[in-house]
Amino acid sequence: MASNFDPSVISTGLAFMPAWLPFAPPLGITAVAAYLKKSEINVSVFDYNGKIWKQHQDFGHYWKMDYGGSWSHVKSYRERIHPVIVQSLVSAAHEMINSGVKSLGFSVYSSNYLPTRFTIKLIRLLRPDIKIYVGGASIDKKLAEQDLKEHLIDAAIFGEGEDSCLRLLKYWEGQISIDELKSTLIYNDQGELFTAERNNLVKLNSLPIPDYSYVNFEHYYGRTLPLEFGRGCVANCSFCSETNYWVSFRVKSIDQIIAEMKNHIEKYQINEFRVVDSLMNGNYKFLEQLIDRIIDEKLNVKWYGFCRIDKRLTPELLAKMRKAGCTSIAFGLESGSQKILNLMNKRVQIYDSYEVVTAAHNAGINVCAEILMGF
């Protein structure tokens, strides 16, 4: 099959396959794409989650979070889901290989691993010359080694993807050596598995504003965009992988977040944001400064996200959050048993939950609870 790319230009595609809740476009591939474009890499973004959901409205309930297990369980996926979406996956594969990109990166979660794997197998069959790499929350070394040994993929990236992805693309172009890769698993020239060292943490203030110009918002039932205040978590709960994934808790600058909000309002006429952080209240000085800035600039925004139970979420602070546009908070309550909370290493007292949740409710903020069953 003919390709139309310029061999002198680094070009890559970033893809997101179903299933994920089709409420808002994904942030992962968008953030990486913006970083690569800033480095003068030609990037095509392929968001098939919302597109394929839109194509199968009669089957759309399977995109709800309640059905996540149906996508990750092999037997359930093969019997219930794959026969319905297979033609859409085939079309997606053809569209990507006809785009002219020299490589394709896939963002992988537990709920989209099986459809992603099928799509990659088809691309590998039709265009074995295209380099394929994976990253995302559900990529671990064992899984990546298996896919590399089966020659399904050419590389796997762990953790934050921006700099690691840029280095991998430059390596494939011969611009850097294999020793300059970061957080990447790949075969070296001797045919041996090579694991690059852990990546230096991305400086969040250097990140460009995510570009959603590729998005067809008709593929989503919400009018909202994901937004990062920062990355990482200040806690170390025993059941959670996010602390290890992000390595360290960091926040963006206030100017950076305000500029991103204003950009999305002006460019896309969207003023509602889902804060995707592990928690919005990891740094209270930062949080209050951000709230004050939103209020001072009279930004007409709505935002919501996760918070950790903490007595520093006072009634006064929560009232200011509501004034600044915070409409909802999801608290990681996890359990009503102090014994279980202690085993989870939550470092939270039951009575603090009563006080903080009540204060949030009284401030006019919608309260959601995350409960972990069967710990």
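Above this text you will find the structure in question.
The structure reproduced in this document is the subject of the present report. (Residues numbered from 1 in each chain as written. Predicted model: local features only at pLDDT ≥ 70, side-chain atom pairs only at ≥ 80, totals over all residues. Heavy atoms only, no water.)

Turning to its location among the elements, Thr184 is positioned in strand 6 (residues 184-187). By relative accessible area, which is 0% here, Thr184 ends up buried. A polar atom in the side chain of Thr184 sits 2.7 Å from the backbone oxygen of Lys182. If we ignore the near neighbours within four places in the chain, the residues touching Thr184 are Ala155, Ala156, Ile157, Phe158, Ser164, Leu168, Phe194, Thr195 and Ala196. (Helix = DSSP H or I, 4+ residues; strand = E, 2+ residues; numbered from the N terminus. Buried < 20%, exposed > 50% of the residue type's maximum accessible area, 1.4 Å probe, protein only. Polar contact = N/O pair within 3.5 Å; in protein donor to acceptor, adjacent residues only side chain to side chain. Contact = heavy atoms within 4.5 Å.)

Here the focus is the packing of aromatic side chains. According to the stated counting rule, one finds 15 aromatic pairs in the structure shown. Relative to Trp303, the ring of Phe229 has its centre 5.8 Å away and its plane inclined at 65 degrees; by these criteria the two rings are edge-to-face. Of the two residues, Phe229 is situated in the loop between strand 8 (225-227) and strand 9 (230-231) and Trp303 in strand 12 (residues 302-307); the sequence distance between them amounts to 74 residues. With relative accessibility at 1%, the residue Phe229 sits in the buried group. (Phe/Tyr/Trp six-rings, centres within 6.5 Å; stacked < 30°, edge-to-face > 60°.)

In this section: the environment of Cys326. As for its placement among the helices and strands, Cys326 is situated in strand 13 (residues 326-334). Of the residues examined, Cys326 reaches a relative accessible area of 0% and is grouped as buried. Through-space distance from the C-alpha of Cys326 to that of Lys298 is 14 Å; in sequence the pair is 28 residues apart. When residues no more than four places from it in sequence are discounted, the contact partners of Cys326 are Trp303, Met321 and Ile365.

Taking strand neighbours across the sheet as the criterion, the five strands line up as 8-11-12-13-14 in an open arrangement whose pairing is parallel. In the strand order of this sheet, the two ends are held by strand 8 and strand 14 (366-371), each with one partner. Adjacent strand axes in the sheet meet at a mean angle of 25 degrees, parallel and antiparallel pairs treated alike. As paired elements, strand 8 and strand 11 (residues 272-275) share three bridges and run parallel to each other. Within strand 11, the position partnered with Leu225 by the bridge is Phe273. Helix 11 (residues 315-323) rests against strand 12 and strand 13 of the sheet, and its axis sits at about 135 degrees to strand 13. (Pairing = 2+ DSSP bridges. Axes fitted to C-alpha atoms, helices over the stretch in contact; angles between N-to-C directions.)

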